[in-house]
Amino acid sequence: MTETTPGTGDAVKERVRTEKREPQLFKVLLLNDDYTTMEFVVHVLEAVFQKSPAEAYQVMMHVHVHGRGLAGVYPWEVAETKAETVISMAREAGFPLKAVTEEA
Ligand code: TYC
């Protein structure tokens, strides 16, 4: 969609609407499993999602009890990168921890 800018005489300016749409946001969710240690999940939440130790513990316990929980909300590319970082850290450490993204 385009708009015209009034008050410019013959030189009517046309502007393509690029910056008016909000960036689409995505949730990064952690999933529970029986093998990843609580300590490792807390570490990931602090390191990748900049949670305080208390927040990280709360989110980890929410995932442990309810099966999944919100680690953070980001633009698409950031959300995908964080989910991949979680998975590669977990595989490196030998844990099956999963992280998924979902439209916010
Ligand atoms: N359920 C795991 C345990 O009891 C802890 C855990 C929490 C694992 C959150 C994954 O996303 C997770 N060791």
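Residues numbered from 1 in each chain as written. Predicted model: local features only at pLDDT ≥ 70, side-chain atom pairs only at ≥ 80, totals over all residues. Heavy atoms only, no water.

## Considering the pattern of salt bridges
Proximity of charged atoms lets side chains of opposite charge pair with each other.
And step 1. If you walk through the whole model with that rule in mind, you get two salt bridges.
And step 2. The shortest N-O distance in the salt bridge between K27 and E102 comes to 3.6 Å. Remark: E102 occurs in strand 5 (residues 98–103) and K27 occurs in strand 3 (residues 25–31); sequence separation between them is 75 residues.
And step 3. Between E102 and R68 there is a salt bridge; the shortest N-O distance is 3.1 Å. You can see E102 sitting in strand 5 and its partner R68 sitting in strand 4 (residues 68–75), a full 34 residues away along the chain.
And step 4. R68 sits in the partly exposed class, given a relative accessible area of 40%.
And step 5. By sharing partners, the salt bridges in this structure join K27, R68 and E102 into a single network. (Salt bridge = Lys/Arg side-chain N within 4 Å of Asp/Glu carboxyl O. Helix = DSSP H or I, 4+ residues; strand = E, 2+ residues; numbered from the N terminus. Buried < 20%, exposed > 50% of the residue type's maximum accessible area, 1.4 Å probe, protein only.)

## Things to note about a nonpolar patch on the surface
And step 1. A grouping of L25, L70 and V73 is seen on the molecular surface, where their side chains present a nonpolar patch of about 220 Å² in accessible area.
And step 2. Within the fold, L25 resides in strand 3.
And step 3. The partly exposed category is assigned to L25, whose relative accessible area is 38%. (Patch = residues over 30% accessible without salt bridge, like charges linked within 9 Å, V, L, I, M, F, W, Y side chains within 5 Å. Areas by Shrake-Rupley, 256 points an atom, 1.4 Å probe, with all protein chains shown as cover.)

## Description of the sheet that holds strand 5
Strand-to-strand pairing in sheets goes through backbone hydrogen bonds, with the strands running parallel or antiparallel.
And step 1. The three strands are arranged 4-3-5 in an open sheet whose pairing can be described as antiparallel. Only two strands of the sheet have a single neighbouring strand rather than two, namely strand 4 and strand 5. Across the sheet, the mean angle separating the axes of adjacent strands is 30° when strand polarity is ignored.
And step 2. Examined bridge by bridge, strand 3 and strand 4 share seven bridges and lie antiparallel to one another. Bridge pairing links K27 to V73 in strand 4.
And step 3. Lying on the sheet, helix 2 (residues 53–66) is in contact with strand 3 and strand 4; it crosses strand 4 at an angle near 125°.
And step 4. Against the sheet, helix 3 (residues 76–93) makes contact with strand 3, strand 4 and strand 5, and its axis sits at roughly 135° relative to strand 4, the strand it touches most. (Pairing = 2+ DSSP bridges. Axes fitted to C-alpha atoms, helices over the stretch in contact; angles between N-to-C directions. Contact = heavy atoms within 4.5 Å.)

## Topic: the confidence of the model for the protein chain
And step 1. Of all residues in the protein chain, 81% have pLDDT values of 70 or greater, and the mean over the chain is 88.
And step 2. Within the model, pLDDT remains below 50 along residues 1–10, and this stretch shows 15 contacts once partners closer than five positions in the same chain are excluded. (pLDDT = per-residue confidence, 0-100.)

## Some remarks on the side chain of K82
And step 1. Along the chain, the position of K82 falls in helix 3.
And step 2. Buried and unpaired, K82 has E84 as its nearest opposite-charge partner, separated by 12 Å.
And step 3. At a separation of 2.8 Å, a polar atom in the side chain of K82 contacts the main-chain carbonyl oxygen of V48. (Lys, Arg positive; Asp, Glu negative; His and termini not counted. Polar contact = N/O pair within 3.5 Å; in protein donor to acceptor, adjacent residues only side chain to side chain.)

## Quick look at the site of the ligand
And step 1. As a structural note, the neighbourhood of the ligand is formed by L31, N32, D33, T36, M38, V41, M60, V63, H64 and L97.
And step 2. Between an oxygen atom of the ligand and a main-chain N or O atom of L31, the distance comes to 2.8 Å.
And step 3. Surface burial for the ligand is 88%, taken as the share of its 350 Å² of free accessible area covered by protein chains.
And step 4. Broken down by secondary-structure element, the contributors of at least two residues to the shell around the ligand are helix 1 (38–49) and helix 2.
And step 5. Grouping the constituent residues of the shell around the ligand by class yields six nonpolar, three polar and one charged. (Near = heavy atom within 4 Å. Nonpolar A, V, L, I, M, F, W, Y, C, P; charged D, E, K, R; others polar.)

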